[in-house]
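# Structural features, examined
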Amino acid sequence: MTDDLDALALGTGGVLLQGQHLSSAPLLEGWAPADGHSWMHGWFFGHPEIEDGTHGHTSPVLEMDRGTPPRWVRTESRVYRLGRFYPPAEREIRYWAQKHSGERLVRGSVPGGSDDIDAMLAFLRSTLRIRGSKVDRLEHDYQAERDHLSSRASTSE
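Now for a description of the structure that goes with this document. (Residues numbered from 1 in each chain as written. Predicted model: local features only at pLDDT ≥ 70, side-chain atom pairs only at ≥ 80, totals over all residues. Heavy atoms only, no water.)

### Thoughts on the overall build of the protein
Threshold: Numbering of helices and strands starts at the N terminus; helices are DSSP runs of H or I of at least 4 residues and strands are runs of E of at least 2. Note on classification: 1.4 Å probe, protein chains only; a residue is buried when its accessible area is under 20% of the maximum for its type, exposed when over 50%, partly exposed between these limits. Here, residues are in contact when the closest pair of their heavy atoms is within 4.5 Å. Using the Shrake-Rupley algorithm and a 1.4 Å probe, accessible areas are obtained, with residue cover drawn only from the displayed protein chains.
Of the regular secondary structure elements, the protein holds five helices and six strands. The order of helices and strands in the protein, counted from the N terminus, is α-α-β-β-β-β-β-β-α-α-α. Here the protein, with 157 residues, has 39% of them falling under the buried criterion. Considering only intrachain contacts with a sequence separation of at least 6, the fraction spanning at least 24 residues in the protein is 52%. When the accessible surface of the protein is totalled, it reaches about 8800 Å², and 50% of it is carbon and sulfur.

Structure, rendered in structure tokens:
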């Protein structure tokens, strides 16, 4: 996990997360810690005040599950179940592709519409709503991230 996630993983002491309590908690899908802030970004599902599929951020994080992957996070306002996590560069591509699709994320679907990152990058280029240099940076960062993750996986074997 990233250093940001490690910094948020404060432990489990004091959090009442009984099975039924956690199972009824809102789901934060495609989550990530916000750079330089104590909250999490993601797509919300089952939240009493936020429409399903809306992207936003939580209130400040107080505590996070230390499991790998983490299953929950407690914020100042509530406990969230954590859904899928994407590495930062991949998540940013998914965020922009989902945003420019004009659609809310549907529960059970993946942000950006598929797992084809190249198709998402092509879509972002075709919309002409994002500068080409930004899409190039997204692609470069994604490739660097994939290379880094691949080299970490091969050295741990």
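Next, the rest of the story.
### Observations regarding the sheet that holds strand 6 (residues 79-82)
Rules: At least two bridges found by DSSP between two strands are what make those strands a pair. For every element, the axis is a line fit to its C-alpha atoms; helices are fit only across the contacting stretch, and the angle between N-to-C directions ranges from 0 to 180 degrees.
Reading across from one edge, 3-2-1-6-5-4 is the order of the six strands in this open sheet, with mixed pairing throughout. Each of the sheet's edge strands pairs with one partner strand only, and the pair in question is strand 3 (54-57) and strand 4 (61-64). Averaged over neighbouring strand pairs, the angle between their axes works out to 35° when direction is ignored. In this fold helix 3 (residues 88-101) packs onto strand 1 (27-33), strand 2 (40-45) and strand 3, with an angle of close to 50° to the strand it touches most, strand 2.

### Re the pattern of salt bridges
Rule in force here: Whenever Lys or Arg places a side-chain nitrogen within 4 Å of a carboxyl oxygen from Asp or Glu, that contact is recorded as a salt bridge.
Counting across every chain of the model gives ten salt bridges. Between R84 and E29 there is a salt bridge, with the nearest N and O atoms lying 2.9 Å from each other. Pair noted here: R84 is in the loop between strand 6 and helix 3 and E29 is in strand 1, with a separation of 55 residues, a long-range link. Accessibility expressed as a relative area gives 9% for E29, which makes it buried. Note that R94 and E90 form a salt bridge whose closest N and O atoms lie 2.9 Å from each other.

### Let's talk about the packing of aromatic side chains
As a reminder, the rule being used: A pair of Phe, Tyr and Trp rings is counted when the ring centres sit within 6.5 Å of each other, with Trp represented by its six-membered ring. The angle between the planes then sorts it: under 30 degrees is stacked, over 60 is edge-to-face, the rest tilted. Charge over a ring is defined by NZ of Lys or CZ of Arg lying within 6 Å of the ring centre and within 35 degrees of the ring normal.
Evaluated as defined, the whole model comprises three aromatic pairs. Ring centres of Y95 and W96 lie 5.0 Å apart, and the angle between their planes is 75°; this geometry places the pair in the edge-to-face category. Look at Y95 and you get partly exposed, because its relative accessible area is 22%. A residue is classified by how much of its surface remains accessible, and W96, at 19% relative accessible area, is buried. One Lys or Arg, R94, reaches over the ring of Y86 and ends 4.3 Å from the middle of that ring.

### Thoughts on the nonpolar core
Applied cut-off: To define a nonpolar core, start from buried Ala, Val, Leu, Ile, Met, Phe, Trp, Tyr and Cys residues and group those joined through side-chain atoms within 4.5 Å.
Grouped together as the largest cluster of nonpolar side chains are twelve residues: A89, I93, W96, A97, I117, M120, L121, L124, I130, V135, L138 and Y142. Every element with two or more residues in this core is listed here: helix 3, helix 4 (117-127) and helix 5 (132-155). Not counting the four nearest positions on each side in its chain, L124 is found in contact with I93, W96, A97, H100, I130, V135 and L138. Grouped together as the second largest cluster of nonpolar side chains are nine residues, W31, M40, M64 and Y80 included.

### What about the environment of E63?
Inspection of the secondary structure puts E63 in strand 4. When its relative accessible area of 6% is taken as the criterion, E63 is described as buried. Through-space distance from the C-alpha of E63 to that of V79 is 9.2 Å; in sequence the pair is 16 residues apart.

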